[in-house]
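# Summary of the model geometry
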Amino acid sequence: MTRSGVPRMVGSPGFKRPTTAPWPDPSAATVDRADRYHPGRMDSIPEQAHVSVLPEEVVHFLGSLEGTLLDCTVGRGGHSEKLLSSSDKLAIIGLDLDETNLAACRERLTPFGDRVRLEQANFADLPGVLAHFGVPKVVGILADLGVSSNQIADPARGLSFDLDGPLDMRLDQRQKTTAADLVNSLGEGELADLLYFQSQEPHSRKIAKRICQVRRQGRINSTGMLARLVASAVGENPDSHHGRIHPATRTFMALRMAVNRELSSLDALLAAAPGVLEAGGRIAVISFHSGEDRIVKEDFKKRSAAGEYRLLTKKPITASDAERESNPRSRSAKLRVAERQNSA
């Protein structure tokens, strides 16, 4: 089943901010934050420059909760720091696949002492993770999907089509399968399906065919090599886009999502969430491309109709003009929030 895009919408009941003219970026709703092409800038962002998106909005919806909140993608701790600073009645369990980010997060959140517990884990195993901590239910769940700028800026990660490096893409280095493994082992039809269903790549068959042609001459192991062959497959020059979308954007997105099982993990998180949320607890999900947002939208809508959730954002909340200008990664961010209803 394909997942179509959704238009960018601004505003939501309960959250007020000054409104100005919408940002002129019609492609942002369907492009992942990590793969937006900004020549000479995107991949040169220093590691410490990563800024969490929609921080005020997250605090607005989750900062008034009292109890333990699960930050499923704690990263370097930006959202958790804001939440812990906004209320001394919140404690955080933070999860992340990336041990490097967790180390930075641990240092950043040290001032909050035992209000913070961190674990390298996949949020797909939500009930198991909470059982590990001895916490049967939580008052909130936050999931900020995608990858961070420091991960993109590290060539060794293999996430960037602008910085040549190994074709890796694993967020959890304990995992065995890399993007190179997929690119060099999947059949042409499987590759085409992966690109189409993970990121809606319209040239999936051309790209898959070209990959299979090139790998007959030798293994495809670098990000630069993959980016060039994708561009050649669609008949474009990867060096002459001047702010437009790089031709390898969706291919890299699809491979990253497949390597890290992002969509199946999101499905598992959404399925488990009602069972671990206290009545009145809230789940907030920030997505960065239309496929993820559609999954969240449909899940929240289904559970709202069944009486499990009350929708707090009937339309997704997006970044203000000021945030989009200061933090380009926020341009495609969409926040949806729902509240757990009493199951009795």
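Let us look at the structure shown here. (Residues numbered from 1 in each chain as written. Predicted model: local features only at pLDDT ≥ 70, side-chain atom pairs only at ≥ 80, totals over all residues. Heavy atoms only, no water.)

So, about unusual backbone geometry. Residue Leu 54 is not a glycine yet carries a positive backbone phi of 50 degrees. By secondary structure assignment, the location of Leu 54 is in the segment before helix H1 (55–62). Of note, the phi angle at Gln 200 is positive, near 55 degrees, even though the residue is not glycine. Of note, Gln 200 is situated in the loop between helix H7 (188–199) and helix H8 (204–215). (Helix = DSSP H or I, 4+ residues; strand = E, 2+ residues; numbered from the N terminus.)

For strand E4 (residues 138–144), the buried fraction is high: 7 of the 7 residues fall into the buried class. Relative to strand E5 (residues 277–287), E4 runs parallel, the two being bridged by 6 bridges. Looking across to E5, one finds that Ala 143 is bridged to Val 285. (Buried < 20%, exposed > 50% of the residue type's maximum accessible area, 1.4 Å probe, protein only. Pairing = 2+ DSSP bridges.)

One open sheet accounts for 7 strands, arranged E3-E2-E1-E4-E5-E7-E6; its pairing is mixed. Either end of the sheet is taken by a strand with one partner, and the two such strands are strand E3 (116–120) and strand E6 (309–311). Geometrically, the sheet is characterised by an average inter-axis angle of 20 degrees between neighbouring strands, direction not taken into account. One ladder, built from 3 bridges, connects strand E1 (residues 67–71) with E4; its direction is parallel. Paired with Leu 70 across the strands is Ile 141, a residue of E4. The strands that H1 touches are E1, strand E2 (90–96), E4, E5 and strand E7 (334–340); relative to E5, the one it contacts most, it runs at about 170 degrees. (Axes fitted to C-alpha atoms, helices over the stretch in contact; angles between N-to-C directions. Contact = heavy atoms within 4.5 Å.)

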